[in-house]
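Coordinate inspection notes
Okay, here's what each chain looks like letter by letter:
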Amino acid sequence: MATGNKTKQPKVLVVGFFGAGNVGDEAILLTHWFILRRYFTIVATCINKSELLEKLGIECISLKPSNFFKIIKELISVKLVFVSGGFLANKLQPYGALPYIIVLLLAKLIGKKIIFSGISVGPLQKNVLFPLLITVLRFGDVIMLRDVFSLYHLNYVHDLNQRVIIGADVALLLDLFKRELRSGEKIVFSKQNSLRERGPKVLFVLPLRYKNRKIWKTIVWERKYKNYVESIASIADYVIEKLNGVPLFLAFYKDDVYLCIDVVKTMRYKNNAIIIPYKLDMGFVMDVLKNVDVVIAGRYHAMIFSLISETPMIPVVYHPKCYDLVYRLRQKMYVENGDGIEWYNRDIDVKKAIETLHHMLEEKTIITRLYKQYKVSLLSKLLHYLELILRIV
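Since the model is a prediction, treat every value here as computed from it, not as a measurement.

Criteria and thresholds
- All residue numbers refer to positions counted from 1 along the written sequence of the respective chain.
- Local features are withheld for residues below a pLDDT of 70 in this predicted model, meaning they are given only at 70 or higher, and side-chain atom pairs are given and counted only at 80 or more; totals for whole chains, interfaces and linings count all residues.
- Processing note: side-chain calculations cover all non-hydrogen atoms of the structure and skip hydrogens and water entirely.
- The buried label goes to any residue with under 20% of its type's maximum accessible area, the exposed label to any with over 50%, and the partly exposed label to all in between, with areas taken from a 1.4 Å probe on protein chains only.
- Helical segments are the DSSP runs of H or I of at least four residues, strand segments are the runs of E of at least two, and each set is numbered from the N terminus.
- Any two strands are treated as partners once DSSP identifies two or more bridges connecting them.
- Should any heavy atoms of two residues lie within 4.5 Å, those residues are counted as being in contact.
- Throughout, nonpolar core names a set of buried Ala, Val, Leu, Ile, Met, Phe, Trp, Tyr and Cys residues whose side chains join them through atoms within 4.5 Å.
- Think of each axis as a best-fit line through the C-alpha atoms, taken over the contacting stretch in the case of a helix, with angles from 0 to 180 degrees between the N-to-C directions.
- A helix is expected to reach a length of 1.5 Å times the quantity of its residues less one.
- The reported arc concerns the directions from the helix axis to the C-beta atoms and nothing else.

Some remarks on the pairing of strand E11 (residues 294-297)
Of the two faces of E11, the one lined by Val294 and Ile296 and the one lined by Val295 and Ala297 are each fully buried. Where strand E8 (residues 201-205) meets E11, four bridges bridge the pair, whose relative direction is parallel. In the sheet register, Val205 faces E11, and the bridge partner there is Ala297. Strand direction decides the pairing type here: E11 and strand E12 (residues 313-317), joined by three bridges, are parallel. Bridged to Ile296 within E12 is Ile314.

Below, the structure is given as structure tokens:
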């Protein structure tokens, strides 16, 4: 994969929650690099300067207050501003979006075009920054939503209608760059687990929850975390004991590794589980998902990568953006009830998860065909969006 940007090209700013070690966010940034590299030098808002950003030659701009004048300077120098991801709908840390909102307000004041490139925005009414979010969205020259749920929450803002289109998460476009993304690293598993001789390979991609909360460090949250870990461990043990399969664990965020370790420690058959090394390598991630039979996807982009790889998934629905993706797939769901990843009412339903796992394995061929059709449908929407962007450029 060629890296670096041509210095004489005009600049674009990609606004998002990048450099924090989240596979999903880095996949979004990588996608923008692929589709914009021919025309622009790319600058991105970053939490930290990650290895991926350095590899791609993307300049990182911190949104710390001390960096204010540099931000202004960069905004003046860029031609377009792209906004992508779900950070505008973050209910756990609603004020976390404030620095990004300020950047977008400044960009509009300077006279820059703003393109919302595959975002989730709901539920806006529950967000304390609701008036500012609506103002920022009104500044958008194009608003490409990645889910129908977000459209539902924008319907009453009538002046946005002509600028809003329904697409998909832009990371799905990585399907078009598979050859360039081929990982140089082979997937290596421990010797005691010969995957060729075992049954189904079930990949768990789940987020760390309940732990390290700064406000609610009480016995209630400790109990919730323990139940969460034990539920996952019991499903993994079932894969080994009843299906003669192999449970694999992959972190999509660096802190999720701790969950993987805790789950394996809790398992009865811990020696038969595999923790795959955490890597911000999209080619590696694609290879892993392509080589398993089912993915239990508790992160939104684990669902997106399952679609890219056409691998059956059991989606852990933690946010309306996931409901939208699953409903449009028309597949049997495994749902954690509630309105968000941080506030839901029901623990993991182990029995239902196991039933759905059997369904996915039995209907794998049909489901794979369904994923392929659905992926083509979403990609056509994204290509239409790209045509629109090219006209603006």
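Let us keep going from here.
So, the environment of Val148
As for its placement among the helices and strands, Val148 is situated in helix H6 (residues 148-154). Between the C-alpha atoms of Val148 and Asp324, which are 176 residues apart in sequence, the distance is 6.4 Å. In contact with Val148, other than residues within four places in its own chain, are Ile166, Asp324 and Arg328.

A short note on the nonpolar core
Among the nonpolar cores identified, the biggest contains 104 residues, and Leu174, Leu203, Phe249 and Phe305 are the most heavily contacted of them. Residues within four places of Leu174 in sequence aside, it is in contact with Ala27, Leu30, Thr31, Phe34, Leu181, Met282, Met286, Phe305 and Ile308.

With respect to the pairing of strand E5 (residues 113-119)
Counting buried positions along E5 yields six of seven residues, so the element is predominantly enclosed. Pairing between strand E4 (residues 78-85) and E5: five bridges, direction parallel. Looking at E5, one finds that Leu80 is bridged to Lys113. One ladder, built from four bridges, connects E5 with strand E6 (residues 142-145); its direction is parallel. Bridge pairing in E6 links Ser117 to Met144.

Here we look at the sheet that holds E4
Here we have seven strands laid out as an open sheet, ordered E3-E2-E1-E4-E5-E6-E7, and parallel in their pairing. Two strands in the sheet have a free side with no partner beyond their single neighbour: strand E3 (59-61) and strand E7 (164-166). The sheet shows a mean angle of 25° between the axes of neighbouring strands, direction not considered. Across five bridges, strand E1 (residues 11-18) lies against strand E2 (residues 41-46) in parallel orientation. Considered in E2, the bridge of Val12 is made with Ile42.

Examining helix H13 (residues 350-362)
Under the 1.5 Å per step criterion, the end-to-end length of H13 is 18 Å for 13 residues, consistent within 8% with the ideal 18 Å. Where H13 is concerned, the buried positions are Ala353, Ile354, Thr356, Leu357 and Met360. With its buried residues spanning 165° around the axis, H13 presents them on a single face. Of the exposed residues in H13, the ones pointing more than 90 degrees away from its buried face are Lys351 and Glu362.

Considerations on unusual backbone geometry
With phi around 55°, Asn244 is a residue other than glycine that occupies positive phi space. Considering the arrangement of structural elements, one finds Asn244 in the loop between helix H8 (219-241) and strand E9 (246-250). Judged by relative accessible area, Asn244 falls into the partly exposed class, the value being 41%. With a phi close to 60°, Glu310 is a non-glycine residue in the positive phi region.

Examining the side chain of Asn67
Mapped onto the secondary structure, Asn67 falls in the loop between E3 and helix H3 (68-77). On the accessibility criterion, Asn67 (17% relative accessible area) is buried. In this structure Asn67 touches Ile61 and Ser62, once residues within four positions along its chain are discounted.

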